[in-house]
Amino acid sequence: MHAHGHLLVFCTTLIIFVGVLTLVRSRRIGERFALLWMALAVLLLLASSIGYPYLFSIAQFVGVPYPPSALFFFAIVGQTLLILELFVWISKLNDRTRVLTQQLALLREKFERELV
Amino acid sequence: MPRVLVIVPAYNEAGSLPQVLGELTTLYPQYDVVVINDASRDSTAEVVRSTGVRLVTLPCNLGIGGAMQTGFSLARDEGYDIAVQVDGDGQHPASQVDVLVEIICRTGCDIAIGSRFITGEGYQSTALRRLGIRVFSATLSAFTHTRITDPTSGFRALSRRAIHLLAREYAEDYPEVEAIVVAHRAGLCIREVPVQMSARSAGISSIRALHSIGYIFKVSLSIVMCSIRQRTVLP
């Protein structure tokens, strides 16, 4: 990759890093995900700066002849894991909302009955 | 005498509820009745209030599963011995509620399901739905080795053990069929009783004809998923 291509990659990851940092600082990313996203942002930043020359040797090490493919592979696996984590979390939230809705309805009925 | 709670889930059933509730309260003065209003957008709540029947209104729509589970939680918390589900659309014969209750009392079984296919009398549903029910029946017997002719029937009575189990675990979208798997895996006894149902007297079914094929697929899949899930064990 040419020097300005490398610069583009680095700048993009830097923007992501700053963005994540801002969101974590302003607590718009909850505690559960803050650590994960910080780790991800740092990893991206490292990979696009000092880790960059090693990407090719890593690709060779895992036996993928075309380095960008290796990069895509890792990226997609990472994204899939992240989405899976989100689905687990959504399911949990859904369960909690359901229980809360039911309990709220039952308590309200009890409350109204005692008022009469 | 066992304490019985009749749970009537209702979503936009203002048209059919007066008759359903009227029959239930005149036939069974000894049973308690509660309507779970699943955030209806019509006058369901007012209609129920005017009849004097106990009413629990959910603040947002949870679907039939979430609504029934609310009723099971109520039955569990207030110590009822038997809970009976009677749909608010008028398909379930109020006159046969005591048949279900009696089966639970007499046989000691945990779930009594009213089946419209044992004698083949009364409303038999549409051909497509009967096909779907056949598929579920076959899938169920393959995965749980139980023979249930009418697994989608919501007309059922539950023992105290079943109430406790289903208050804890009840599916959201297609709960009737899944509940059979959950109950079977928890070691509960399930029994079918012949009943005669009628076509709904008013309102619209939550399962539309166009979606029936998708419904058949999803429910069959949910039976499989439910069979591989970790089982819920009663304390």
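Here is what the cut-offs are and how they apply
- Residues numbered from 1 in each chain as written.
- Chains lettered and ligands numbered in written order.
- Predicted model: local features only at pLDDT ≥ 70, side-chain atom pairs only at ≥ 80, totals over all residues.
- Heavy atoms only, no water.
- Salt bridge = Lys/Arg side-chain N within 4 Å of Asp/Glu carboxyl O.
- Helix = DSSP H or I, 4+ residues; strand = E, 2+ residues; numbered from the N terminus.
- Buried < 20%, exposed > 50% of the residue type's maximum accessible area, 1.4 Å probe, protein only.
- Disulfide = S-S within 2.5 Å.
- Expected span 1.5 Å × (residues − 1).
- Phe/Tyr/Trp six-rings, centres within 6.5 Å; stacked < 30°, edge-to-face > 60°.
- Lys NZ or Arg CZ within 6 Å of the ring centre and 35° of its normal.
- Contact = heavy atoms within 4.5 Å.
- Buried area = accessible area lost by both parts, 1.4 Å probe.
- Polar contact = N/O pair within 3.5 Å; in protein donor to acceptor, adjacent residues only side chain to side chain.
- Axes fitted to C-alpha atoms, helices over the stretch in contact; angles between N-to-C directions.
- Parallel < 35°, antiparallel > 145°, perpendicular 65-115°, else oblique.
- Left-handed = near helix turned anticlockwise from the far one by under 90°.
- Nonpolar A, V, L, I, M, F, W, Y, C, P; charged D, E, K, R; others polar.
- Patch = residues over 30% accessible without salt bridge, like charges linked within 9 Å, V, L, I, M, F, W, Y side chains within 5 Å.
- Areas by Shrake-Rupley, 256 points an atom, 1.4 Å probe, with all protein chains shown as cover.
- Core = buried A, V, L, I, M, F, W, Y, C linked by side-chain atoms within 4.5 Å.

S.K.: Could you give an account of the pattern of salt bridges, naming the residues involved and the relevant values?
M.R.: Summed over the entire model, instances satisfying the criterion amount to 8 salt bridges over all chains. Note that B:Arg54 and A:Glu109 form a salt bridge whose closest N and O atoms lie 2.8 Å from each other. One end of the pair, B:Arg54, is in strand β3 (residues 54-57); the other, A:Glu109, is in helix α4 (residues 67-115), on a second chain. The exposure classification of B:Arg54 matches that of A:Glu109, with both residues buried. The salt bridge partner of B:Arg116 is B:Asp150, with a shortest N-O separation of 2.7 Å.

S.K.: Could you give me a rundown of the state of the cysteines, with the residues and numbers involved?
M.R.: Residue and element names in this part refer to chain B. All told, the structure shown has 1 disulfide over all chains when counted by the stated rule. A sulfur-sulfur distance of 1.8 Å marks the disulfide that ties Cys 109 to Cys 189. A residue pair is termed long-range when its members are at least 10 positions apart, and Cys 109 in the loop between α4 (97-107) and β5 (111-115) and Cys 189 in the loop between α7 (175-185) and β7 (190-194) qualify at 80 residues. Residue Cys 109 is classed as buried on the basis of its relative accessible area of 3%.

S.K.: A description of helix α3 (residues 63-77) of chain B should follow, citing residues and the corresponding values.
M.R.: Residue and element names in this part refer to chain B. Here α3 contains 15 residues, and its C-alpha end-to-end distance of 21 Å stays within 8% of the 21 Å for a straight helix at 1.5 Å per residue. Of all 15 residues that make up α3, 12 are buried, and the element is covered over most of its length. Listing the buried residues of α3 in full gives Gly 63, Gly 65, Gly 66, Ala 67, Met 68, Gln 69, Thr 70, Gly 71, Phe 72, Ser 73, Leu 74 and Ala 75. A positive backbone phi angle near 70° is found at Gly 79, which sits one or two residues after α3.

S.K.: Account for unusual backbone geometry, naming residues and giving values.
M.R.: Trans peptide bonds make up the majority, and among non-glycine residues the majority have a negative phi. Residues and elements named next belong to chain B. One non-glycine residue with positive phi stands out, namely Asn 12, at about 55°. Of note, Asn 12 is situated in the loop between β1 (4-10) and α1 (17-27). Given the relative accessible area of 23%, Asn 12 is considered partly exposed. Backbone geometry places His 145, a non-glycine residue, at a positive phi of 55°. Within the element layout of this structure, His 145 appears in the loop between α5 (127-144) and β6 (156-158). Of the residues examined, His 145 reaches a relative accessible area of 70% and is grouped as exposed.

S.K.: Account for the packing of aromatic side chains, with residues named and values stated.
M.R.: The description of two aromatic rings rests on the distance between their centres and on the angle between their planes. Residues and elements named next belong to chain B. Applying the stated criterion across every chain yields a total of 3 aromatic pairs over all chains. Taking the centre distance of 5.1 Å and the plane angle of 85° together, the rings of Phe 72 and Tyr 170 count as edge-to-face. Here the residue Phe 72 occupies a position in helix α3, and Tyr 170 occupies one in the loop between α6 (160-168) and α7, the gap between them amounting to 98 residues. The pair Phe 72 / Tyr 170 is uniform in exposure class, with both members buried. We note Arg 3 situated over the ring of Tyr 80; from NZ or CZ to the ring centre the distance is 4.2 Å.

S.K.: I'd like to hear about the interface of chain B and chain A, residue by residue, with values.
M.R.: Taken together, the 17 residues of chain B in the interface contact 10 residues of chain A. Across the chain B to chain A interface the summed buried area is about 1,200 Å²; carbon plus sulfur atoms make up 55%. The largest per-residue losses of area from chain B upon contact with chain A belong to B:Arg54, B:Pro59 and B:Glu172, which jointly make up 34% of the total buried on that side. For the pair chain B and chain A, the interface holds 1 salt bridge. Along the contact surface separating chain B from chain A lie 7 residue pairs in polar contact (both at pLDDT 80 or more).

S.K.: Describe the packing of helix α1 (residues 3-25) of chain A against helix α2 (residues 31-48) of chain A, with residues and values.
M.R.: Residues and elements named next belong to chain A. Two elements in contact, α1 and α2, have axes separated by 9 Å at closest approach and are oriented at 160°. Here α1 is positioned roughly antiparallel relative to α2, judged by the angle of their axes. The chirality of how α1 crosses α2 is left-handed. Facing His 6, Val 9, Phe 10, Thr 13, Leu 14, Ile 16, Phe 17, Val 20, Leu 21 and Val 24 of α1, the residues of α2 in contact are Ala 34, Trp 37, Met 38, Ala 41, Val 42, Leu 44, Leu 45 and Ser 48. By residue class, the composition of the contact of α1 with α2 is 15 nonpolar, 3 polar and no charged.

S.K.: Explain a nonpolar patch on the surface residue by residue, including any values.
M.R.: Residues and elements named next belong to chain A. Together, Tyr 54, Ile 58, Phe 61, Val 62, Phe 73, Phe 74, Val 77, Leu 81 and Leu 84 make up a nonpolar patch on the protein surface, roughly 980 Å² of accessible area in all. Mapped by element, the contributors of at least two residues to the nonpolar patch are α3 (54-61) and α4. For the nonpolar patch, the leading source of residues is α4, giving 5 residues. With respect to the secondary-structure elements, Phe 73 resides in helix α4.

S.K.: Tell me about the nonpolar core, and name the residues and values.
M.R.: All names here are of chain B. Ile 7, Phe 72 and Leu 166 are the most contacted members of the largest nonpolar core, which has 42 residues in total. Setting aside chain neighbours within four positions, we find Ile 7 in contact with Val 34, Ile 36, Met 68, Gly 71, Phe 72, Ala 83, Val 84, Gln 85 and Val 86. Grouped together as the second largest cluster of nonpolar side chains are 33 residues, Val 4, Tyr 28, Ile 82 and Phe 155 included.

S.K.: Mind laying out the packing of α5(B) against α7(B), listing which residues take part and the relevant values?
M.R.: Residue and element names in this part refer to chain B. Contact geometry for α5 and α7: axes closest at 11 Å, N-to-C directions at 15°. Considering their axes alone, α5 and α7 lie roughly parallel with respect to each other. Both α5 and α7 take part in a crossing whose hand is right-handed. Counting all contacts with α5, which are made through Phe 136, Leu 140 and Thr 144, the residues of α7 involved are Val 177, Ile 180, Val 181 and His 184. The residue inventory of the contact of α5 with α7, partitioned by class, reads 5 nonpolar, 2 polar and no charged.

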